[in-house]
Amino acid sequence: MSIRRKLIAGNWKMNGLKAGSAELASALVANWTSGAPPACDVLVCPPFPLIVPVAAALAGSGIAVGAQDCHARPAGAHTGDVAAPLLADLGCAAVIVGHSERRADHGETDATVKAKAEAALAAGMIAIVCVGETLEQREAGRTLEVNTSQLRGSLPAGATPANTVIAYEPVWAIGTGRVATPAQAQEVHAVLRAELASLLGVESAAATRILYGGSMKPDNAAELLSLPDVDGGLIGGASLKAADFWAIVTAC
Ligand code: PEP
């Protein structure tokens, strides 16, 4: 059995209103309480304004709440941004940083992602650091180089298996219904773990969770989650339906 406890994290992205999100959270709690406790950690990351009501709905369950981004600085004149200490204060256990949509939409570089991850750690939260290649990069044979380079540039100083999770998210598989084959996912995960070994040491690399993200659904989750270096999933679309998300949780 792996020393790494799997993590299933839902990224709700820019979806949901107050009522529907509370319903989704309550449905997850109902799943949590109706069966045996899942064999993995479970996290949901709603949009910022929904963190408080979702955390309230999840209270008492073992489902944690997280955020989809944070600013690199702990406070200050940064209109519209959200600081990591505030997220921690609201009850967030983790923050996703470096999602490809933020890298693309907001021009976030590896250095930005690293600084944000360090802010998350400084606030006592887990940083979920996303890396992944575009279709163009894959077709050019650059997949491994792109992912290892993003990992090297984005990994926070002070990363440990307890405070940092890596998410491999091939950009071409996000929200497209196209999923990496088990061989493609395992290849990148194994290379990322080898890169972690050179950055953090073999023991830390062996204990660090590397999630797969990109059109993970109930019908492909079990196969992806059974791969030796896949330690969970970062789930977009399927995290918006309680039944689908919970089917992935139980696939662990
Ligand atoms: C994501 O955006 O992190 C993601 C994996 O999305 P989807 O599951 O919808 O592909």
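Conventions we followed
- Residues numbered from 1 in each chain as written.
- Predicted model: local features only at pLDDT ≥ 70, side-chain atom pairs only at ≥ 80, totals over all residues.
- Heavy atoms only, no water.
- Helix = DSSP H or I, 4+ residues; strand = E, 2+ residues; numbered from the N terminus.
- Rg over C-alpha atoms; globule rule 2.2 N^0.38 Å.
- Buried < 20%, exposed > 50% of the residue type's maximum accessible area, 1.4 Å probe, protein only.
- Contact = heavy atoms within 4.5 Å.
- Areas by Shrake-Rupley, 256 points an atom, 1.4 Å probe, with all protein chains shown as cover.
- Lys, Arg positive; Asp, Glu negative; His and termini not counted.
- Charge placed at Lys NZ, Arg CZ, Asp CG, Glu CD.
- Phe/Tyr/Trp six-rings, centres within 6.5 Å; stacked < 30°, edge-to-face > 60°.
- Salt bridge = Lys/Arg side-chain N within 4 Å of Asp/Glu carboxyl O.
- Near = heavy atom within 4 Å.
- Polar contact = N/O pair within 3.5 Å; in protein donor to acceptor, adjacent residues only side chain to side chain.
- Nonpolar A, V, L, I, M, F, W, Y, C, P; charged D, E, K, R; others polar.
- Pairing = 2+ DSSP bridges.
- Right-handed = clockwise from strand over helix to strand, strands pointing away.
- Core = buried A, V, L, I, M, F, W, Y, C linked by side-chain atoms within 4.5 Å.
- UniProt positions renumbered as here; feature names shortened; annotations may be inferred.

Caption draft 1: A look at the overall build of the protein chain. Each helix and strand in the protein chain was counted, giving 11 helices and eight strands. Here the C-alpha radius of gyration of the protein chain, 17 Å, is about what a compact globule of 252 residues would show, namely 18 Å. Referenced to the eigenvectors of the C-alpha coordinate spread, the extents of the protein chain come out at roughly 45 × 45 × 35 Å. Split into buried and exposed, the 252 residues of the protein chain put 50% on the buried side. Counting contacts in the protein chain only where the partners sit at least 6 residues apart, residues at least 24 apart contribute 71% of the total. In the structure as shown, the protein chain presents an accessible area of about 10,600 Å², 57% of it carried by carbon and sulfur atoms. One finds the centroid of the 18 positive side-chain charges in the protein chain at a distance of 2 Å from the centroid of its 23 negative side-chain charges.

Caption draft 2: Expanded view of the packing of aromatic side chains. Going through the model one piece at a time under the given rule, you end up with two aromatic pairs. With centroids separated by 6.4 Å and ring planes inclined at 70°, the aromatic side chains of W32 and W246 adopt a geometry described as edge-to-face. Of this pair, W32 sits in helix α1 (residues 18-34) while W246 sits in helix α11 (residues 242-251); the two residues are 214 residues apart in sequence, bridging distant segments of the chain. The same class applies to W32 as to W246, namely buried. Look at Y168 and Y212: their rings are 6.2 Å apart centre to centre, the planes differ by 65°, and that puts the pair in the edge-to-face class. Of the two residues, Y168 is situated in strand β6 (residues 164-168) and Y212 in strand β7 (residues 210-213); the sequence distance between them amounts to 44 residues. As far as burial versus exposure is concerned, Y168 and Y212 are alike and both buried.

Caption draft 3: Seen up close, the pattern of salt bridges. Taken as a whole and judged by the stated rule, the model has 15 salt bridges. Note that R103 and D110 form a salt bridge whose closest N and O atoms lie 2.5 Å from each other. Across the pair D229 and R193 runs a salt bridge, and its minimum N-O distance is 2.5 Å. With D229 in the loop between α10 (218-225) and β8 (232-235) and R193 in helix α8 (residues 182-200), this pair connects stretches of sequence that are 36 residues apart. Each member of the pair, D229 together with R193, is buried. Overlapping salt bridges bring together R4, R193, D229 and D231 as one network.

Caption draft 4: Just the site of the ligand, in detail. Surveying the vicinity of the ligand reveals 14 residues, the closest of which are K13, H99, E169, G175 and S215. Take K13: an N or O atom from its side chain is 2.5 Å from an oxygen atom of the ligand. Side-chain polar atom of H99 to an oxygen atom of the ligand: 2.7 Å apart, as the coordinates give it. With the chains in place, 97% of the 290 Å² that the ligand exposes on its own is no longer accessible. Classifying every residue of the shell around the ligand gives four nonpolar, eight polar and two charged.

Caption draft 5: How the structure looks around the pairing of strand β4 (residues 94-97). The alternating pattern of β4 places A94 and I96 on one face and V95 and V97 on the opposite face, and all of these are buried. Across two bridges, strand β3 (residues 64-67) lies against β4 in parallel orientation. Considered in β4, the bridge of G66 is made with A94. For the crossover that starts at β3, traverses helix α3 (residues 84-89) and ends in the parallel β4, the hand is right-handed.

Caption draft 6: Structural detail: the nonpolar core. With 61 residues, the main nonpolar core has L87, I166 and Y212 as its most contacted residues. When sequence neighbours within four positions are dropped, the list of residues in contact with Y212 reads Y168, P170, A173, V179, A180, A185, H189, L224, V230, G232, G233 and L234. Of all hydrophobic cores here, the second largest spans 12 residues; its members include L7, I128, C130 and L234.

Caption draft 7: How the structure looks around the UniProt feature "active site" (unreviewed entry) in the protein chain. The residues that UniProt annotates with the feature "active site" (unreviewed entry) are H99 and E169. Across 71 residues, the annotated set stays spatially compact, with a maximum C-alpha separation of 8.2 Å. If you trace the backbone, H99 turns up in the loop between β4 and α4 (100-105). Discounting chain neighbours no more than four positions away, the residues touching H99 are N11, K13, C130, E169 and I174. Its location among the elements puts E169 in the loop between β6 and α8. The class for E169 is buried, based on a relative accessible area of 4%. When sequence neighbours within four positions are dropped, the list of residues in contact with E169 reads H99, C130, V131, G132, E133, I174, G213, G214 and L234.

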